[in-house]
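# Examining the three-dimensional arrangement
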Amino acid sequence: MSTTVTASAPGAPQAPESATGTRAAVRSWRPVIVFGIGALLALIVFAIGAPNATATFRFSETGDAFGLPDLALSAVVLGWVCALVCVAVAVLAFLAVRAGRPLNRWLTALFWVAFLIGFLTWVVGSAKTPNVSLAGLLAGSVTLAVPLIFGSLSGVLCERAGVVNIAIEGQLLFGAFSAAVVGSVTQNAYAGLVAACVAGALVALVLTVFSIKYYVNQIIVGVVLNVLVSGLTGFLFSTVLTRDAELFNSPPQLPHWNIPVLADIPVIGPILFRQTLVGYLMYVAVIAVYIGLFHTRWGLRVRAVGEHPKAADTVGIKVNRTRFTNVLLGGVVAGLGGAFFTLVSVSQFTKDMTGGQGFIALAALIFGRWNPIGAFFAALLFGFATNLQYVLSFLGTPVPSQFLAMLPYLVTILAVAGLVGRSQSPAASGVPYLKS
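Here we summarise the structure given alongside this text.

Basis of the calculations
Residues numbered from 1 in each chain as written. Predicted model: local features only at pLDDT ≥ 70, side-chain atom pairs only at ≥ 80, totals over all residues. Heavy atoms only, no water. Axes fitted to C-alpha atoms, helices over the stretch in contact; angles between N-to-C directions. Helix = DSSP H or I, 4+ residues; strand = E, 2+ residues; numbered from the N terminus. Parallel < 35°, antiparallel > 145°, perpendicular 65-115°, else oblique. Left-handed = near helix turned anticlockwise from the far one by under 90°. Nonpolar A, V, L, I, M, F, W, Y, C, P; charged D, E, K, R; others polar. Phe/Tyr/Trp six-rings, centres within 6.5 Å; stacked < 30°, edge-to-face > 60°. Buried < 20%, exposed > 50% of the residue type's maximum accessible area, 1.4 Å probe, protein only. Polar contact = N/O pair within 3.5 Å; in protein donor to acceptor, adjacent residues only side chain to side chain. Contact = heavy atoms within 4.5 Å. Core = buried A, V, L, I, M, F, W, Y, C linked by side-chain atoms within 4.5 Å. Expected span 1.5 Å × (residues − 1).

Before going further, it helps to spend a moment on the packing of helix H4 (residues 134-160) against helix H15 (residues 372-395). The relative placement of two packed helices comes down to the angle between their axes together with the axis-to-axis distance. It is at 6 Å that the axes of H4 and H15 come closest, and there the two elements cross at 140 degrees. One element, H4, and the other, H15, form an angle in the oblique class. Considering only the axes of H4 and H15, their crossing is right-handed. Across the contact of H4 with H15, the residue classes break down as 19 nonpolar, seven polar and no charged.

The structure is reproduced here in structure tokens:
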């Protein structure tokens, strides 16, 4: 009996370590596999299959104060350069993982930049009109990313406090609906903006009551809220808005404000500093949430509630009150994103006009590792993929339209399933707290 215990005792702690080591090894080889597949694809498509044409990239729009010359590049030469860079990064990643060294993040960034440039060159060179405006492509990407950024920030605020906010889609949609109706009735876009914030907070209020007070499964509540808001806004759109669109569905648009000097900076000036109030609030929200979460006492309490609610409770932090406040604040932020659809993008509300943007915002939240800055750049990536779909369709590329339509969702799946790596949500996210 003692022999058995002695033999098993040393082995007991080794089994979990072995399992952990195996899982870590599987995870560590994942980027190598992704890089290898991407490098092979780059060689076949961007290099060997490069069109014999010149791809022209325009940096400035007509009439810009500081015009930059166009960049004309051989699709064959640039395709081979990008493909070889991808192959080199894949080889370096393989050597690093085999030697047990951590993979340099700059290698990852270099790979995807080279892959993106190669893809753009191949697509533009193969188009009927082999030239594209990079300024317009980037400007459209930032514009389309605005609701995604607000939605992902809403998710960050909620999940950092321990509440999974699946209802971002519903908050965006109800915010868009309320902004359209109130803005139309008052003929004041700013009143519509306030109404959108209130609408997002109302959806968040229902989420908090059921998930925090009554301990209902947060994911189920979020899904039900999305369906409820979709059905309610669709019904009101069909029965009220369409019957008198002039009164209820013709909101004024928010004006664009140009920041002097900064708006005249080549390329980035028109993109970043010629925005509506919603666009500038987006910058403020990203900075405020980041500083608030990681550089203030409030943020420390929120993160403590999301990671160790029982420990936070023992030092006097009101766990459920903190969660309640954060979810409501997240609803206000998501409502601002919803206002973008009807006060900036188009001047009317249509049924289910958010088109699943709330779920893409959730993917941006995960891809950004529950960090406001990471979520911001992840949302920009998804905005770029969405805008690329429209630009490539306009250029007349040989890429099938069905592939272009699924491009933003394909990027979302790849980002969440293959590129996130070992990112983990807050430990208590989705777990209701019942004070003992």
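That was the structure; now back to the text.
A few words now on the packing of aromatic side chains. Enumeration according to the criterion identifies 16 aromatic pairs in this entry. Here phenylalanine 35 and phenylalanine 111 contribute two aromatic rings whose centre-to-centre distance is 4.5 Å and whose plane-to-plane angle is 35 degrees, an arrangement assigned as tilted. Here phenylalanine 35 is found in helix H1 (residues 2-48), whereas its partner phenylalanine 111 is found in helix H3 (residues 105-126), with 76 residues between them in sequence. Given the relative accessible area of 0%, phenylalanine 111 is considered buried. Considering the side-chain rings of phenylalanine 177 and phenylalanine 349, the 5.3 Å spacing of their centres and the 80 degrees angle between planes classify their relative orientation as edge-to-face. Here the residue phenylalanine 177 occupies a position in helix H5 (residues 168-186), and phenylalanine 349 occupies one in the loop between helix H13 (319-345) and helix H14 (357-367), the gap between them amounting to 172 residues. Both residues of the pair, phenylalanine 177 and phenylalanine 349, belong to the buried class.

With that settled, the discussion passes to the side chain of serine 429. Among the secondary structure elements, serine 429 is positioned in the segment after helix H16 (401-419). One polar contact links serine 429 to glutamate 159, side chain to side chain, over a distance of 3.3 Å. With residues near it in sequence (within four places) discarded, serine 429 still touches Glu159, Gly162, Val164 and Gly306.

Turning to the nonpolar core, a few remarks are in order. Side chains of nonpolar character tend, in soluble globular proteins, to be buried together. In this structure, Ile149, Phe150, Leu153, Leu193, Val278 and Met282 are the most contacted members of the largest nonpolar core, which totals 47 residues. Only H4, H5, helix H6 (189-213), helix H10 (277-295), H13, H14 and H15 provide two or more residues apiece to this core. Here this core gets nine residues from one element, more than from any other, and that element is H10. Sequence-distant contacts of phenylalanine 150, defined by excluding residues within four places in its chain, comprise Val278, Leu281, Met282, Ala285, Val333, Ala334, Leu336 and Gly337.

Here we take up H6. The terminal C-alpha atoms of H6, which comprises 25 residues, lie 35 Å apart, in line with the 36 Å expected from a rise of 1.5 Å per residue. Here H6 starts with a cap whose side-chain oxygen sits 2.8 Å from the backbone nitrogen of tyrosine 190, and that cap is asparagine 188. The positive-phi residue at the C-terminal boundary of H6 is tyrosine 215, with phi of around 60 degrees.

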